[in-house]
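Next come the chains, spelled out residue by residue.
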Amino acid sequence: MADDLITLVTTDHRELDRLFDMMQTDRSSRPLALPLAVAMLEAHSEAEEDRVYPAVASEAGEKEEAEHAAEEHHEAESLGKHLLEMDWESEEFDRALEQWIGAVRHHVEEEENEILPALREAVDSERLRELGLEFATRRSRALAGQPLGVVGAGTRGGGGGRARGGGGAAGRTRAGGAAGRTRGGGTAGRTSGGAARAGRQPAAVTEGMSRAELYEKARELGIEGRSSMTKDELAEQVGKAQKRKKR
């Protein structure tokens, strides 16, 4: 069915493939196709990590697969954001593009051959439609907060600079690797304020961190079960772990 999770996820995969093929065969398409692909991949990944992978872990019993898939998301996001800073006409860009496309296609293959079939077997069609609605809603909200910008604005002349808050399709800037991603200013419009509003953690620990950032921090801290946690749960566990380290 068109509104079930499997169909929605695989449709996204095919659209990403179309953009990849476009960038590989037509260099002139890159300034527009790359920001679109990066934004789409990020929104798709966040929706899966927030709504799909917890179900994969708890309902399909594929906790390790869900954690591995989330790791691949973060690697692919990092590679994509790096491309946005490069000269799209350079040979270096060509090599980095192939690396990024290869990483994403590897992830897609594993997801379609292992994760999605396991989930299909574990839940009924009604649950797949329910997950599809949750996925689509989360993805749409993520995309709504992601302004697209110009590829290579940091290297191809100084006119105008970047419209995003520091460089990513979602306005995230990188500060010290995958664990240091923060959303710049208000451009993405998505922060982990829910945890702070709930009064779970001190502002200095988790305020303003995205789910991806919280996930990376949870990995650094060795927090188990992180792939099946919501953003608020990750914020809570990261805060507790940080407090324990200070004692």
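Thresholds applied
- Going along each chain's sequence as written, the residues are numbered from 1 onward.
- It should be noted that, the model being predicted, local features are given only for residues of pLDDT at least 70 and side-chain atom pairs only at 80 or more, the latter also being counted only at that level, while totals for whole chains, interfaces and linings use all residues.
- The side-chain numbers reported here are obtained from all heavy atoms of the structure, hydrogens and water having been left aside.
- Only Phe, Tyr and Trp rings are paired, with Trp represented by its six-membered ring, and only when their centres lie within 6.5 Å; those with planes under 30 degrees apart are stacked, over 60 edge-to-face, the remainder tilted.
- Counting from the N terminus, the helices are the DSSP runs of H or I reaching at least four residues and the strands are the DSSP runs of E reaching at least two.
- For every residue, the accessible area (1.4 Å probe, protein chains only) is compared with the maximum for its type, and the residue is labelled buried under 20%, exposed over 50%, or partly exposed between those bounds.
- For our purposes a nonpolar core is just a set of buried Ala, Val, Leu, Ile, Met, Phe, Trp, Tyr and Cys residues, chained together by side-chain atoms within 4.5 Å.
- Two N or O atoms count as a polar contact when they lie within 3.5 Å, although within protein this holds only if one can serve as hydrogen donor and the other as acceptor, and sequence-adjacent residues are included solely when both atoms are side-chain atoms.
- Only the stretch in contact is used when fitting a helix axis, every axis being a line fitted to C-alpha atoms; angles between N-to-C directions are given from 0 to 180 degrees.
- Two helices that cross are described as forming a left-handed crossing if the nearer one is turned anticlockwise from the farther one by less than a right angle, and a right-handed crossing if clockwise.
- A contact between two residues is defined here by any heavy atoms of the two lying within 4.5 Å.
- We define a salt bridge as a side-chain nitrogen of Lys or Arg found within 4 Å of a carboxyl oxygen belonging to Asp or Glu.

### Considering the packing of aromatic side chains
Enumeration over the complete set of coordinates arrives at one aromatic pair. A centroid spacing of 5.2 Å and a plane angle of 75° characterise the contact between Phe 20 and Trp 100, whose relative ring orientation is edge-to-face. On the criterion of sequence distance, the pair formed by Phe 20 in helix H1 (residues 5-25) and Trp 100 in helix H4 (residues 91-122) is long-range, its members being 80 residues apart. By relative accessible area, which is 1% here, Phe 20 ends up buried. The exposure class assigned to Trp 100 is buried, which follows from its relative accessible area of 0%.

### Looking at the nonpolar core
Within the largest apolar cluster, 32 residues are counted, with the highest numbers of intra-cluster contacts made by Leu 5, Val 52, Tyr 53, Val 56, Leu 119 and Phe 135. Among the secondary structure elements, those contributing two or more residues to this core are H1, helix H2 (30-58), helix H3 (63-84), H4, helix H5 (125-144), helix H8 (211-220) and helix H9 (231-246). Counting residues per element, this core draws most heavily on H2, which supplies six residues. In terms of nonpolar packing, the next biggest core, distinct from the first, is built from 23 residues, Leu 19, Leu 79, Val 104 and Val 108 among them.

### Let's talk about the environment of Ser 58
Relative to the assigned elements, Ser 58 resides in helix H2. At 2.8 Å, the side chain of Ser 58 and the backbone oxygen of Pro 54 are in polar contact.

### Remarks on the packing of H2 against H5
Viewed as axis vectors pointing N to C, H2 and H5 meet at an angle of 145°, and their least axial separation amounts to 8 Å. Taken as a pair, H2 and H5 cross one another with a handedness that is right-handed. Of the residues in H5, those touching H2 at Ala 39, Met 40, Ala 43, His 44, Glu 46, Ala 47, Glu 48, Asp 50, Arg 51, Val 52 and Ala 55 are Arg 127, Leu 131, Glu 134, Phe 135, Arg 138, Arg 139, Ala 142 and Leu 143.

### Considerations on the pattern of salt bridges
Per the stated rule, a full pass over the model turns up 13 salt bridges. The partner of Arg 105 in a salt bridge is Asp 21, and the shortest N-O contact between them spans 3.0 Å. One end of the pair, Arg 105, is in helix H4; the other, Asp 21, is in helix H1, and 84 residues separate them in sequence. The exposure class of Asp 21 is partly exposed, given its relative accessible area of 39%.

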